[in-house]
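# Summary of structural features
Spelled out from the first residue to the last, the chains are:
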Amino acid sequence: MTLFLTSVAKASQETAGFAIGLAQTSSAFARIGWGVVSDRYFVGRRGMLMAWICGAAAVFLALMAFVGPGPGLYAGLGLAIALGITIASFAPVAQAVVVESVEPRLAGSAMGVNMVGVHLGGMGGPIVFGWVVDNWGGYDAAWLVTAGIVVAGLVLLLFAFKEGGRGDG
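The structure displayed is predicted, hence computed values, not measured ones. (Residues numbered from 1 in each chain as written. Predicted model: local features only at pLDDT ≥ 70, side-chain atom pairs only at ≥ 80, totals over all residues. Heavy atoms only, no water.)

## Details of the packing of aromatic side chains
Counted under the stated rule, the structure contains 5 aromatic pairs. Ring plane angle 50° and centroid distance 6.2 Å describe the contact between F129 and Y139, whose orientation is recorded as tilted. Note that F129 is positioned in helix α6 (residues 107-135) and Y139 in helix α7 (residues 139-160), a separation of 10 residues in sequence. Under the relative-accessibility criterion, Y139 is labelled buried at 16%. An angle of 70° between the planes, with centres 5.5 Å apart, marks the rings of W131 and W136 as edge-to-face. An aromatic cluster of at least three residues, connected via ring pairs, comprises F4, F129, Y139 and W143. (Phe/Tyr/Trp six-rings, centres within 6.5 Å; stacked < 30°, edge-to-face > 60°. Helix = DSSP H or I, 4+ residues; strand = E, 2+ residues; numbered from the N terminus. Buried < 20%, exposed > 50% of the residue type's maximum accessible area, 1.4 Å probe, protein only.)

## Side note on α6
With 29 residues, α6 should reach 42 Å at 1.5 Å per residue; the first-to-last C-alpha distance of 41 Å fits that figure. A107, A110, N114, F129, V132 and V133 are the residues of α6 that are buried. For α6, the elements touching its buried residues are α5 (91-100) and α7. Of the residues trailing α6, G137 is marked for its positive phi of about 105°. (Expected span 1.5 Å × (residues − 1). Contact = heavy atoms within 4.5 Å.)

In structure tokens form, the structure reads like this:
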């Protein structure tokens, strides 16, 4: 994000660093907030909450393709916050979904598989993003491909995942 904001939106390095700080701060608060929302309103339906969060994240990722210099930089800062609230913060809800989807005796294994997936995405995502920037037309394409990957995951969540698969024990 910092390289994107400095290269495309013509932000200073300090402003781009501030954007990362905004994303991280909003993510920290949102992780707690999504946990509260999930516990109060989505017990037994946390997958639907995760779908809403990831759907919103896909929209925000796609909107990053339209960020540019001048007033567009302010949109980029706003989108940094929005992405902190969504794509950077859904993991605790996903972890609750994973644990609630298996028999209690398998919760540790399910969390282990989930965390491997999270870390593989964290390692592979930047590589794919950079490859797209270099080979498919720049940052616009990379933001749109990233949004598309999130949408693909969302489709899997909506159509292949069955909520409440937990067994008796």
